[in-house]
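Commentary on secondary and tertiary structure
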Amino acid sequence: MKGRQIILDHIGDREAAALLVDGRLEDLLIDSDAPRPGAIYRAIARRPMKGQGGLFLDTPDGNAYLRQVKGIAPGQALLVQVTGYAEPGKAIPVTTKLLFKSRYAIATPEAPGINLSRRIHDEEERIRILAAAGTEVADDSAHGLILRSACAGADADEIAEDVDAMLALADAVLADRDGAAEKLTEGDGPHLLAWRDWSEPAQVETDPGGFDRHGVLDLMETLKSPRAPLSGGAYIFVEPTRALVAVDVNTGADTSLAAGLKANIAAARELPRQLRLRGLGGQITIDLAPMPKKDRRTFESALRAAFRADPEETALAGWTPLGHYELQRKRGRAPLHEVLA
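A quick note: this is a predicted structure, and the numbers were derived from the prediction, not measured.

1. Observations regarding the packing of aromatic side chains
This model, assessed by the stated rule, comprises five aromatic pairs. Consider the rings of Phe299 and Trp319, whose centres lie 5.8 Å apart with planes at 55°: the pair is tilted. Note that Phe299 is positioned in helix α8 (residues 296–308) and Trp319 in strand β19 (residues 314–319), a separation of 20 residues in sequence. When the centroid spacing of 5.7 Å and the interplanar angle of 75° are considered together, the rings of Phe299 and Tyr325 count as edge-to-face. Of the two residues, Phe299 sits in helix α8 while Tyr325 sits in strand β20 (residues 325–329), which places them 26 residues apart along the sequence. The pair formed by Phe299 and Tyr325 is uniform in burial state, with each residue classed as buried. Feature note: the residues Phe299, Trp319 and Tyr325 constitute an aromatic cluster, connected by ring pairs. A cation sits over an aromatic face here: Arg227 above Tyr235, 3.7 Å from the ring centre.

2. What to know about helix α1 (residues 123–133)
Within α1, the full set of buried residues consists of Glu125, Ile129, Ala132 and Ala133. For α1, the buried positions fall inside an angular range of 100° around the axis, keeping them on one side. Set apart from the buried face of α1 by more than 90 degrees, the exposed residues are Glu123, Glu124, Ile127 and Ala131. Within two residues after α1, Gly134 carries a phi angle of roughly 75°, on the positive side.

3. Regarding helix α4 (residues 190–197)
Buried within α4 we find Pro190, Leu193, Ala194 and Arg196. Buried residues along α4 cover an arc of 165° about the axis, so they all sit on one side. Buried positions along α4 lie against β1 (4–11), β2 (14–21), β3 (24–30) and β9 (100–101).

4. Quick notes on the nonpolar core
Counting 28 residues, the largest nonpolar core has Val249, Leu275, Ile286 and Phe299 as the members making the most contacts within it. Those elements giving two or more residues to this core turn out to be β16 (235–240), β17 (245–250), α7 (257–278), β18 (282–287), α8 and β20. It is α7 that contributes the most residues to this core, eight residues altogether. Those residues in contact with Val249, other than ones at most four positions away along the chain, are Tyr235, Ile236, Ala263, Asn264, Ala267, Ile286, Asp287, Leu288 and Ala289. Residues Ala107, Ala132, Met166 and Ala170 belong to the second largest nonpolar core, which totals 24 residues.

Rules and cut-offs
Sequence positions are assigned chain by chain, starting from 1 and proceeding in written order. Given that the model is predicted, a residue must reach a pLDDT of at least 70 before its local features are reported, and side-chain atom pairs must reach 80 or more before they are shown or counted; all residues, however, enter totals for whole chains, interfaces and linings. Heavy atoms throughout the structure, all of them, feed into the side-chain values; hydrogens and water do not. Ring pairs are drawn from Phe, Tyr and Trp, using the six-membered ring of Trp, whenever the two centres fall within 6.5 Å, and their geometry is named by plane angle: stacked under 30 degrees, edge-to-face over 60, tilted for the rest. Think of it this way: any DSSP run of H or I at least four residues long counts as a helix, any run of E at least two long counts as a strand, and we number them from the N terminus. Note on exposure labels: buried denotes an accessible area under 20% of the residue type's maximum, exposed denotes more than 50%, and partly exposed covers the range between, all computed with a 1.4 Å probe on protein chains only. The criterion for a charge sitting over a ring is simple: Lys NZ or Arg CZ within 6 Å of the ring centre, and within 35 degrees of the ring normal. Think of it as the arc spanned by the lines of direction from the helix axis to the C-beta atoms. Throughout, a residue-residue contact means that at least one pair of heavy atoms, one from each residue, lies within 4.5 Å. By nonpolar core is meant a set of buried Ala, Val, Leu, Ile, Met, Phe, Trp, Tyr and Cys residues that side-chain atoms within 4.5 Å join together.

Structure representation (C-alpha cells):
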C-alpha cells in the first residue's frame, strides 16, 4: 500500500506499534519489561563512586546510575528520569534534567523560555502557534517550553491543551520531591510514542490483528537474520555482541573499488533504519568494503546525512587505525532480539 500507515497492535501481551511507508517497515516499537525511557523516579542517593564522577541511586526497579554529580549527600532524595535502556547487568541510566514530552510541546523544568521548532518557517504560522500555546502563561512559569514541529497546522485548542497538560504534570512531579524511593511516572508506551513522535499525516490502524493483516509480522521475521540487503546485490550484516554492534559491509559479486564505495554509501543510508528496527545502540563498529581513502569524506557525508534524519542521538566518532568507522548511539530502545526472546 502507498503512503504512511501507523499500525497499533500487540505482540502477545506486549504493546507494539509499526510505521510503514509505501509498504516498507520504517520504524518499530515494542514494549519490554525494563523501565521505559522517560520514566521519572524519586530516587535515593548512595555514596559517590570514587574516580568515576557519578553515583548509584536506589529506585523501586533496582540500581540507577547518575553521571557527573556534585554536592549530593548519601540518603538524599532526587528526582531523576530514565535516559535509555540499561546494558545487561548494569544500572539504569538516569539524569536530573527532566523533560515532559508530548506531541506538540516539551516542558523543561527550571529552564524558563519558549522555543519554537526551527522547521516551522512561516512567520504567520509561528505567531499563531505561540498565541495558541499561551505565551503569557508560559512566560510566568518556572518551566520552559519547546513547541515541536508537529504544531504546524495543528488545531490551536489541541496545542493549548497539550501545553497545559505538560506544564501541569511538571508542576505535580516537582512538588513530589520528598519521600522514599518511588516511580512517579511510567514513561510512554509504544502506542503513545507513536502518537507523540510519528506526527506526519498517516492512516492509523488500531483494530487487533493489524500486524498480521498488514504484513508487519512477516517484515519482522526478516529482522531475525543479521543480513540486510542493499542495492546492486550488496548487503550488510548487523550483529550485536556483548561489547559492541558489529556492522560488516559486503559488495556481493562485484569486488571492484567502485562497487566498494557504492556499497558503503548504500550501507550509510540504510544503517539508521536497521539500528532503529533492531533496537540497537551503544558502540557501533563498521567494517567497510574496500574503497580508496580519498572517498572517505563522501562516505562520511552520506552517513552524517542519514543519521541527521534519525530520532535517536548518535555521535559519529570517526576512523580507527584499522580503517573501521565507529559511532556511539543512545540506547533509546530495547534490543529486538531480547524483547522477542
